[in-house]
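What follows is the residue order along each chain.
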Amino acid sequence: ASLGLRVPASRGTDGAPFTYESVAKLVGPFRTIQVIDTATQLTTEYTLREWVDYLETPPKDRTRILNVITLEFSETPLGDLVTEPQFV
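Below, the structure is looked at part by part. Here the structure is a predicted model, which means the values were calculated and not measured.

Some remarks on the packing of helix α1 (residues 20-27) against helix α2 (residues 48-56)
Between α1 and α2, whose axes approach to 9 Å, the crossing angle comes to 180°. For the element pair α1 / α2, the angle class is roughly antiparallel. In this structure, α1 contributes Tyr 20, Glu 21, Val 23, Ala 24 and Val 27 to the contact, and α2 contributes Leu 48, Arg 49, Val 52, Leu 55 and Glu 56. Tallied by class, the residues present in the contact of α1 with α2 amount to seven nonpolar, no polar and three charged.

Here it is as structure tokens:
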């Protein structure tokens with residue numbers, strides 16, 4: 001039986017990869033998200049654009065290790081591309 005999970009393909013029909021930038025475009029680059037500094041456990045706000053910039057920075061060049069716990073995207077174009085798994 002299928003779980004019913006649906007996520008965007010790693011490459012679109014045009015052959016372009018699905019990337020962090022793709023998420024930012026579909027959710028909105030100015031959407032604010034809560035970001036946690038793993039060393040201090042302090043939370044700050046980033047825009048999704050800032051978060052993508054952080055993720056695209058080579059790890060050796062990052063000055064902090066940051067984490068995002070959740071990204072709400074259900075009412076965005078990305079939400080139309082994702083179906084959550086169904087459990088019985």
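Next, the rest of the story.
Re the sheet that holds strand β1 (residues 32-37)
Read across the open sheet, the three strands follow the order β2-β1-β3; overall the sheet is antiparallel. The strands lining the two open edges of the sheet, one partner per strand, are β2 (43-47) and β3 (66-67). Across five bridges, β1 lies against β2 in antiparallel orientation. If you follow Gln 34 over to β2, its bridge partner there is Glu 45.

Conventions we followed
- Residues numbered from 1 in each chain as written.
- Predicted model: local features only at pLDDT ≥ 70, side-chain atom pairs only at ≥ 80, totals over all residues.
- Heavy atoms only, no water.
- Axes fitted to C-alpha atoms, helices over the stretch in contact; angles between N-to-C directions.
- Helix = DSSP H or I, 4+ residues; strand = E, 2+ residues; numbered from the N terminus.
- Parallel < 35°, antiparallel > 145°, perpendicular 65-115°, else oblique.
- Contact = heavy atoms within 4.5 Å.
- Nonpolar A, V, L, I, M, F, W, Y, C, P; charged D, E, K, R; others polar.
- Pairing = 2+ DSSP bridges.

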